[in-house]
Amino acid sequence: MCALTAAQRGRRVLVLEKANKVGKKILMSGGGRCNFTNHFVEADNFISNNPHFSKAALTRYTQWDFIGMVERHQIPYEERRHSQLFCLNSAKDILNMLLDECAKAGAEIRTHAELVSITEVQQSEDSARYQLVVNQQGSHLELRCHSFVVASGALSIPTLGGSGIGYDIARQFGLTLTKRHAGLVPFMFSDAMKQLCEKLAGLALEVELSANKISFTENILFTHRGISGPAALQVSNYWNPGDSITVNLLPNVDAGDWLLNAKKEQAKSLLRTVLSHKLSKGLVAELQWLWWHDQAEKPMSEFSDKQLISIGEKLNNWLLRPSGTEGYRTAEVTRGGVDTAGISSKTMEAKNQAGLYFIGEVVDVTGWLGGFNFQWAWSSGYSAGLVA
């Protein structure tokens with residue numbers, strides 16, 4: 001996005017890609033369908049030490065601008081839950097669109113190109129500010145440029161090229177970094193909860209999941225290691241090691257009141273039978289073992305109101321303490337990054353270093369699940385491309 005925008009201004013642009021091909025994260029995203037943006041994008045959908053930083057770029061290049069490009073290229077797409085937009089056919093459509101735009105504008109792309117070093121040029125007759133040494137399949141090349149844009153991504157999914165090189169460059173030129181964590185990542189457990197998750201692996205259900213007073217109502221998925229699914233990934237952005245998470249298994253239902261009514265209307269039924277109307281039998285069996293195994297064969301009428309209210313509270317507020325997350329190996333994003341205090345929100349240029357720009361995931365701007373991280377890439381890339 002940055003390359004095609006700069007090239008459209010007549011700039012001579014070279015993209016250096018370490019991998020053997022470009023756009024690997026685009027191709028794997030959204031189950032191969034690429035959730036390329038969202039119909040509703042606001043600064044509130046992003047996490048940063050400076051919650052206002054993303055506003056300028058998101059306003060300069062909006063979701064509607066990107067949707068317009070998608071439609072000009074006649075790429076079929078669909079809207080899914082929570083206003084998420086996906087390709088109908090393949091993520092390749094988005095990658096090919098960007099490559100076509102780069103080619104049309106004259107931006108050159110080189111793969112197998114690994115940056116070895118970057119140094120500042122003190123005096124130059126050709127307006128070059130930076131000198132690069134690049135390893136191109138075993139050969140060292142020296143390049144010079146007026147503007148250098150770091151669009152390296154971050155630490156997430158190293159198998160697709162994620163690395164910390166962008167942070168190294170930021171440190172080299174005196175920019176500070178915020179604390180970094182794996183984001184949009186599944187939770188793991190090491191206690192009895194791990195055994196429960198193993199038994200329920202593959203089960204998905206809609207819950208309200210919360211951490212640090214931030215809640216999302218979405219599906220969770222039990223795995224052999226813990227909990228995944230959209231709600232877990234969203235909440236992981238707000239969770240810190242040692243924190244608990246809260247699962248409301250019956251969103252929008254006061255479980256205590258509902259159980260008290262069920263006691264009147266289904267007095268002879270077993271509690272697990274009543275709960276199986278709203279939750280899977282497998283999950284109910286595990287909850288029974290946790291919370292009322294001594295009374296498993298008692299009819300509802302023999303539970304005291306106090307007992308049912310207590311079980312209802314657990315259904316609405318099941319407190320769990322993850323041992324950790326699956327880490328960068330499976331994280332969709334890296335939370336934190338290059339401190340926005342050192343970057344212009346309008347141009348993405350380092351305030352202390354002319355001609356050096358940071359865009360996308362390497363910056364301390366992390367979006368929710370749902371197309372927001374791609375939109376940040378498009379918007380920040382466009383903002384830098386207008387001036388770099």
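A. Quick peek at the sheet that holds strand β4 (residues 77–79). Across the sheet, which stays open at both edges, the 3 strands sit in the order β2-β5-β4 with antiparallel pairing between neighbours. Each of the sheet's edge strands pairs with one partner strand only, and the pair in question is β2 (35–38) and β4. Strand-to-strand, the axes of this sheet are offset by a mean angle of 25°, without reference to chain direction. Relative to strand β5 (residues 84–87), β4 runs antiparallel, the two being bridged by 3 bridges. Note that in β5 the partner of Y77 across the bridge is C87.

B. How the structure looks around helix α6 (residues 165–172). Regarding α6, the residues found buried are G166, Y167, I169 and A170. The buried residues of α6 all sit within an arc of 160° when viewed along its axis, so they share a single face. If you follow the buried residues of α6, they end up packed against β7 (113–120), β10 (148–150), β19 (333–335) and β20 (356–358). Within two residues after α6, G174 carries a phi angle of roughly 85°, on the positive side.

C. Structural context of the packing of helix α9 (residues 255–265) against helix α12 (residues 305–316). At a closest axis distance of 7 Å, the pairing of α9 and α12 adopts a crossing angle of 140°. Classified by the angle their axes make, α9 and α12 are oblique. By crossing handedness, the relation of α9 to α12 is classed as right-handed. Touching A255, G256, L259, L260 and K263 of α9 are D305, L308, I309, I311, G312, L315 and N316, all from α12.

D. Summary view of the sheet that holds strand β18 (residues 324–325). Judged by pairing direction, the sheet is antiparallel, and its 7 strands sit side by side in the order β17-β16-β13-β14-β15-β12-β18 without closing on themselves. Each having just a single partner strand, β17 (318–320) and β18 make up the two edges of the open sheet. Of the pairings in the sheet, the one linking strand β14 (residues 214–222) to strand β15 (residues 226–228) comprises 2 bridges and is antiparallel in character. Counted as the bridge partner of L221 is S228 from β15. The sheet contacts of helix α7 (residues 192–200) involve β14, β15 and β17, and relative to β14 the element is tilted by about 60°.

E. Representation of the packing of helix α4 (residues 63–72) against helix α5 (residues 92–105) within the structure. The geometry of α4 relative to α5 is characterised by a closest axis approach of 10 Å and an angle of 90° between their N-to-C directions. In terms of axis orientation, α4 runs roughly perpendicular to α5. The residues of α5 that touch α4, namely those facing F66, M69 and V70, are I94, M97, L98 and E101. Of the residues assigned to the contact of α4 with α5, the class counts are 6 nonpolar, no polar and 1 charged.

F. Geometry of the pattern of salt bridges. Inspection of every chain in the model, using the stated rule, returns 15 salt bridges. For E198, the salt bridge goes to K194, with nearest N and O atoms at 2.6 Å. Of this pair, E198 and K194 are both found in helix α7, 4 residues apart, which corresponds to roughly one turn of the helix. For E198, a relative accessible area of 33% puts it in the partly exposed group.

G. Representation of the packing of aromatic side chains. As enumerated under the stated definition, the model contains 14 aromatic pairs in all. Aromatic pair F66 and W378: ring centres 4.4 Å apart, planes at 0°, arrangement stacked. Separated by 312 residues along the polypeptide, F66 in helix α4 and W378 in helix α13 (residues 372–385) bring together distant segments of the chain. Residue classification places W378 among the buried residues on the basis of a relative accessible area of 4%. Between F216 and W368 the ring centres are 4.9 Å apart and the planes differ by 80°, which places this aromatic pair in the edge-to-face class. Separated by 152 residues along the polypeptide, F216 in strand β14 and W368 in the loop between β21 (366–367) and α13 bring together distant segments of the chain. For F216, a relative accessible area of 10% gives the class buried. Since its relative accessible area comes to 23%, W368 is described here as partly exposed.

H. Here's a closer look at α7. Three or more residues of α7 are buried, namely M193, L196, C197 and L200. Seen from one end, α7 has its buried residues packed into an arc of 100°, which puts them on one side. Away from its buried face by more than 90 degrees, α7 exposes Q195 and K199. Those residues of α7 hidden inside the fold are in contact with β14, β15, α11 (281–291) and β17. Where α7 begins, the capping side chain belongs to D191, and its oxygen is found 3.0 Å from the backbone nitrogen of M193. Of the residues one or two after α7, G202 is the one with positive phi, at around 100°.

What counts, and where the lines are drawn
Residues numbered from 1 in each chain as written. Predicted model: local features only at pLDDT ≥ 70, side-chain atom pairs only at ≥ 80, totals over all residues. Heavy atoms only, no water. Pairing = 2+ DSSP bridges. Helix = DSSP H or I, 4+ residues; strand = E, 2+ residues; numbered from the N terminus. Axes fitted to C-alpha atoms, helices over the stretch in contact; angles between N-to-C directions. Buried < 20%, exposed > 50% of the residue type's maximum accessible area, 1.4 Å probe, protein only. Arc of directions from axis to C-beta. Contact = heavy atoms within 4.5 Å. Parallel < 35°, antiparallel > 145°, perpendicular 65-115°, else oblique. Left-handed = near helix turned anticlockwise from the far one by under 90°. Nonpolar A, V, L, I, M, F, W, Y, C, P; charged D, E, K, R; others polar. Salt bridge = Lys/Arg side-chain N within 4 Å of Asp/Glu carboxyl O. Phe/Tyr/Trp six-rings, centres within 6.5 Å; stacked < 30°, edge-to-face > 60°. Polar contact = N/O pair within 3.5 Å; in protein donor to acceptor, adjacent residues only side chain to side chain.

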